[in-house]
Structures are given as C-alpha cells and as structure tokens.
Amino acid sequence: MAMKTVEESHVGISCYISNLPGFRGVLKQRYSDFIVNEVDRDGQVVHLSSLDAPPEEEQRSVQETGTNTSESDTTTVTSYAALLDSFKSLAGDSDAGCLEEFLNQINTGDDKSVAPLVLSPDSNKSHRTAVHKFFKGNFKFLVTDTVDGPDASSKCIRVRLNSGGPNNNGRNSKKRKERGDKPFDSRGSKSWPENVEKFLRFHLYKENKDTQEALGVIGKMLGIQSRSFGFAGTKDKRAVSTQRVTVYKQLASRVASLNERLFGIKVGDFCYVNEGLVLGQLSGNRFTITLRGVVADSEDTIKASADALGRHGFINYFGLQVLPRFGSGSVPTHLIGAALFRGEWELAVDMILDPRDGDILFHAIAKARKYYKDSKDIEGTLRQLPRYLVAERAVLQNLKKSPGNYVQALKAIPRTLRMMYVHSYQSFLWNHAASTRVQKYGTEQVVLGDLVYCKENPTGKVTGIVGPECDDDCGDRYDSNIEEEVSEDTQEESNNYVKVVTAEDLNLGCYTIEDVILPMPGSRVIYPTNDVAKVYHDLADKDRISLTECVHNVK
C-alpha cells in the first residue's frame, strides 16, 4: 500500500511569488542538515556558548537561605563517609558524587528545599533492586522509588527525603489534587530567597529531538513536571536547534550537572530572570539549511531562483516542514485541531491514537497503534509505545485512570502541545487566505480592503489592535509556562495597530505590499474587508466551526 502524505496543496499552499520553474531537493536527509537558532525579541541569535553555571557566589545566595537542620540531623547526615565509598562500588563514581552533593544540601539547608535526586539510567532490574536495598538498609531518612528513564529500555532510581518519618508515607504522599491546579510544580522551592529571581533561563541545544521530548527528559532527571518549563516556540524534531527555556525555581548548578548524563541534549548560558517564557516571545528563527540531491533544469535555474528569493522574498506560509504543525501520514494535525474546535473530544482522541499510514516507516509506533486499535489494552499499549510520543502516552495514561473521560484525557496533554493542534487549524486557514490574496491581487501592490500594519498610526483611524504571534489564545497566557505575577505581555503590544486600507490611503500611497498582513483567525481579530476575509469564514463554516468561538472552546 502506498503511503499517503500531506502535500502543500492539502494545507492551502497553492500560489508563489516567482513564476520560475524552481528546483527540487531533499530537505533534512540528515537531521544536521537543518540547523535552527532562535532569535529573541532583541534580535539576538541564540547559541549555546557555555555549559557552566553562574559564579559560585550567585549559587551560594540561593543555597544559604534555608534554615540549618538540627544538630542531631547534622550528625546523622555527615557520618556516612564509609557508606558513600560502598555506594561508589555499587553505583559508580558519578552517582556517588551526586549522592554526596545531595547529602550536603540536606546538611546545609532546609530539608524541604532539597529536590529529589535522580540516579543514572539503569536497565538492569537486579542492580536497581540492590540499590533500593542499599538505601533502605543504610539511609533511614531517605526513600527511593523507580521512575522512567530517558529511553524506553531504562529506568532511573529517584532518591528523596522521607521527611514524614518512619510512620509517614513521606511528603510525596500529599494528594496530587492539592497541587494539580498550581501553575508550576513547586516541590523543593518553598524556601527560595526573595532576592533571587524565580526563573532560571538557559539555552537548550538538542539534536533530533523535539522540544517537548527534550524537556521531558530534563524534567524527569530533575524530578519536576513539564509545567515548570517555559519556552517561546516548539522547534523541529529532525534538526539541530538552540532555543531559550525557563524553569521555575531551579539551581543553575543542578541543571548544569545534567550535561554529563544527557544524550543529544545540552544546557548552558544560565541566568536568573523575573519572568518565565511563553509562546510567541521571540522575533523568529534563523535557519541554516542543506539541500541534498538537488534536481533542476540547469544551474542557471538554481541561481535565478536563489536570486529571486533574495530580491522578492517569499510568502511566509506555514509549511509542511513545521511538523507537528501539519503532521504526516493519513491524519494531518489540523484535522485534530478542527475536531477540538467542534468539541468532538472522543473523535480527537481517536485521531491521536489511531494507526496512520505515515507510521509504516516506524515499526514500533505502527505496531503499538494497531495493537491498541484491535485490543483497547491501555497497559499493553503503553509498554509498546515509544516514550517520545508525549501526547499519545498522556492520553492513554489518563484513560487508564478515568475510562471514557475524553476531555480529561486531552487536558493531560501538555498545554503547549495541545495548543499546537489548535494552531495547526488556524495555520490551515491562514495558508488558504494567503494563497487567495496572491491569486486575486498579486504581490506588487496594496489593494482596497487589505489589512496593513501601522506602528505609528499616522491617520488616527485605528481599526483594531492585534496581539502577539499566538494571537487571542495568548490571553490565557498558557498556564504551563507562567504564573499569575507575570506581567501582561499583551500590554507591550498595545502600540502595534492594524487598519483596513481605504481609497484615501491608496491615493496617498501610504503603504506598500510589505505592510500587508493577514491575521491568525480567532475571536477579537480584525479581518480584511475584501474577498480574502471570505476565505476564513467559508472554510470554517464548511468544517462547522465558529471563528468567534474557536480559541476559547479548547482552552
């Protein structure tokens, strides 16, 4: 059976600026052929330049804020030098060093501020059992459990304080419901000092991993949930990318120490900041692309096409390379977004979990999807499903707890990933509108009814205000990335006005084609008044979606 793939025409891309024949090539034959560097709002290109934590003085200001443990506790913690040597023989130098640092933190600070220690990945169950027994027999004030490792075949042992004493299940016995609605996973951060900013910002370098997957690995090693992280945009999986990330109340030294255990991921360039990143807080991305297997009529065609690109630019479509913007295989991501807009929760879950033609290249994924389709065995499917499929695993794990609760299952998907389905449908509409604008009116001039960007608002005839890149859905500010005290970013955008072009504007020649913009569809959005606006509404009506309700229905 031939594999079905999503083509440009399927997602609204049908017109181009140049009439040249163009040329073809293979994009991302190797993941290193696609290099992405985020560009922040100050125009700075993000690179990873240092793996070191900030100076020790800055770290010390954080560590010294906890109250000292009692004298008896100090004696208990500091008298285990011989046991550390034994643990080194059992677990190796690296984990022994981490355990020693962990004990020192308990010794010098408030034990409630000490985050769990996650040991190196270990696929040997017998060895993990020996490590559990070692802690149980020698460190009475510590408890251990097993958590998922960075890949499907490994597990990690997590070590934490049993602060509740021998007759208590420990501080982790606190009901999840009591912390489930908090904007951050705040475990281990209650004694954070007032004079230190609450967010650690760092540069994340990753190879052949998407943003959610990389942060999932880091979160597991730190023992925190994904909602503690913030980032400005999801970067491609099949690429080498560098971007900014923020994490809530974590020491730079602790995050930097993960570099020794991370594979295909590095973190560095640490600093503390007052606010966490949210989607849209970037100027863009800088791409360094290598095309292989180039096919063209002649070398002159390649040169002419490249020259035209440099002189005239291009229509900034949401392209097929922006996986998971449109996905691959038989279930494009924007169709899942449409189901969410309509409130068809069960259908959306089925589309996320069902077999896809595009999975034939990935045997493990195809096998797991088919197994679930045929058996509905959640436990068995989870054992087969690769751990980097974050959305699928989140849905299944929630359905295991609450069978038939499809709304809750969808909410279990990390919010930034869940909103990607929404953005994909908005992008689908935008592409169609852009193609219609070029087809009807060309790319040389502004026409009556166009929407234009107007920073200075010279005429005083403001039609409306458009928010940041992620449009109206940024109003909720993505609870996985921010807390209530973060300032309203949309206020910084209040000077970015748009207006509809009038006949007077055309006579005065106020605007050029470079000023023309098209909005991302949603509520409180200003649309052009020419034929382009009709495209948004006609497509949405065909899919039984109300644009005025589209964003709020899925929050």
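The name an unreviewed UniProt entry assigns to the protein chain is TRUD domain-containing protein, from the organism Arachis hypogaea. Turning to the protein chain, the UniProt record has this under Sequence similarities (unreviewed entry): "Belongs to the pseudouridine synthase TruD family."

Trainee: Sorry, what's going on with the sheet that holds strand β5 (residues 155-161) here?
Mentor: Pairing between sheet strands relies on hydrogen bonds along the backbone, with the strands arranged either parallel or antiparallel. The antiparallel open sheet is built from three strands, whose spatial order is β3-β5-β4. The outermost strands of the open sheet, each flanked by one partner alone, are β3 (117-118) and β4 (142-148). As judged from the seven bridges shared by β4 and β5, these two strands associate in the antiparallel manner. Pairing of Asp-145 across the sheet is with Arg-158, part of β5.

Trainee: I'm lost on helix α9 (residues 333-342) in this one. Help?
Mentor: Working note: α-helix, 3.6 residues per turn, so residues spaced by three or four point in the same direction. Among the 10 residues that make up α9, eight are buried, leaving the element largely enclosed by the rest of the structure. Every buried residue of α9 is listed here: Thr-333, His-334, Ile-336, Gly-337, Ala-338, Ala-339, Leu-340 and Phe-341. Positive phi appears at Gly-343, one or two residues downstream of α9, with a value of about 75°.

Trainee: I would appreciate a short explanation of empty space enclosed by the protein in the present structure.
Mentor: Here the idea is plain: a probe the size of a water molecule rolls over the atoms and shows the empty space left. In total, this model carries four cavities of 30 Å³ or more according to the counting rule given. Reported here for the second largest cavity is a volume of approximately 190 Å³. Forming the boundary of the second largest cavity are 14 residues, of which Cys-98, Glu-101, Leu-117, Arg-254 and Ser-257 lie nearest the centre. For the lining of the second largest cavity, the secondary-structure elements that each account for two or more residues are α4 (93-108), β3 and α6 (211-222). In terms of residue count, the dominant contributor to the lining of the second largest cavity is α4 (four residues). Among the residues forming the lining of the second largest cavity, the class breakdown is nine nonpolar, two polar and three charged.

Trainee: Quick question: what am I supposed to make of the pairing of strand β8 (residues 240-248) here?
Mentor: Remember that side chains alternate between the two faces of the sheet whenever the strand is regular. β8 sits mainly inside the fold: nine of its nine residues count as buried. Neither face of β8 is exposed, since Val-240, Thr-242, Arg-244, Thr-246 and Tyr-248 on one face and Ser-241, Gln-243, Val-245 and Val-247 on the opposite face are all buried. The sheet contact formed by strand β2 (residues 34-39) and β8 spans three bridges and is parallel. Each bridged residue has a counterpart across the sheet, and for Val-36 the counterpart in β8 is Ser-241. In terms of strand pairing, strand β6 (residues 199-207) meets β8 through nine bridges, oriented antiparallel. Paired with Arg-201 across the two strands is Thr-246, which belongs to β8. Summarising the sheet, strand β7 (residues 229-231) and β8 pair through three bridges and their orientation is antiparallel. By the bridge assignment, Gly-230 is partnered in β8 with Thr-246.

Trainee: Explain the packing of aromatic side chains here, please?
Mentor: Each pair of aromatic rings is reported with the distance of its centres and the angle of its planes. What the rule picks out here adds up to 13 aromatic pairs. On the numbers, 6.2 Å between centres and 40° between planes, the contact of Phe-202 with Phe-270 is tilted. Separated by 68 residues along the polypeptide, Phe-202 in strand β6 and Phe-270 in strand β9 (residues 265-273) bring together distant segments of the chain. Cluster of aromatic residues (ring-pair linked, three or more members): Phe-87, Phe-134, Phe-135 and Phe-139. The ring of Phe-34 carries the charged tip of Lys-28 above its face, separated from the ring centre by 4.4 Å.

Trainee: Is there a simple way to think about the side chain of Arg-158 in this case?
Mentor: On the secondary structure map, Arg-158 appears in strand β5. Of note is the side chain of Arg-158, whose polar atom sits 2.8 Å from the side chain of Asp-145.

Trainee: Mind showing me how you'd approach the packing of helix α3 (residues 81-91) against helix α5 (residues 125-138) here?
Mentor: Packed helix pairs are characterised by how far apart their axes lie and by the angle those axes make with each other. The geometry of α3 relative to α5 is characterised by a closest axis approach of 11 Å and an angle of 170° between their N-to-C directions. Classified by the interaxial angle, the pair formed by α3 and α5 is roughly antiparallel. Residues Leu-83, Ser-86, Phe-87, Leu-90 and Ala-91 of α3 lie in contact with α5, whose contacting residues are His-127, Ala-130, Val-131, Phe-134, Phe-135 and Asn-138. In the contact of α3 with α5, the residues fall into eight nonpolar, three polar and no charged.

Trainee: Would you mind going over the packing of α9 against helix α15 (residues 415-441) with me for this structure?
Mentor: With their axes 7 Å apart at the nearest point, α9 and α15 run at an angle of 100° to one another. By the angle class used here, α9 and α15 are roughly perpendicular. Of α15, the residues touching α9 (which contributes Thr-333, His-334, Ile-336, Gly-337, Ala-338, Leu-340 and Phe-341) are Arg-418, Tyr-421, Val-422, Ser-424, Tyr-425, Gln-426 and Phe-428. For the contact of α9 with α15, the class distribution of residues is eight nonpolar, five polar and one charged.

Here is what the cut-offs are and how they apply
- Residues numbered from 1 in each chain as written.
- Predicted model: local features only at pLDDT ≥ 70, side-chain atom pairs only at ≥ 80, totals over all residues.
- Heavy atoms only, no water.
- UniProt positions renumbered as here; feature names shortened; annotations may be inferred.
- Pairing = 2+ DSSP bridges.
- Helix = DSSP H or I, 4+ residues; strand = E, 2+ residues; numbered from the N terminus.
- Buried < 20%, exposed > 50% of the residue type's maximum accessible area, 1.4 Å probe, protein only.
- 1 Å grid on protein atoms, 1.4 Å probe; cavity = no way out; pocket = protein on both sides within 12 Å on 5 of 7 lines; lining within 4 Å.
- Points joined across faces, edges and corners; volume = space filled by probe spheres on them.
- Nonpolar A, V, L, I, M, F, W, Y, C, P; charged D, E, K, R; others polar.
- Phe/Tyr/Trp six-rings, centres within 6.5 Å; stacked < 30°, edge-to-face > 60°.
- Lys NZ or Arg CZ within 6 Å of the ring centre and 35° of its normal.
- Polar contact = N/O pair within 3.5 Å; in protein donor to acceptor, adjacent residues only side chain to side chain.
- Axes fitted to C-alpha atoms, helices over the stretch in contact; angles between N-to-C directions.
- Parallel < 35°, antiparallel > 145°, perpendicular 65-115°, else oblique.
- Contact = heavy atoms within 4.5 Å.

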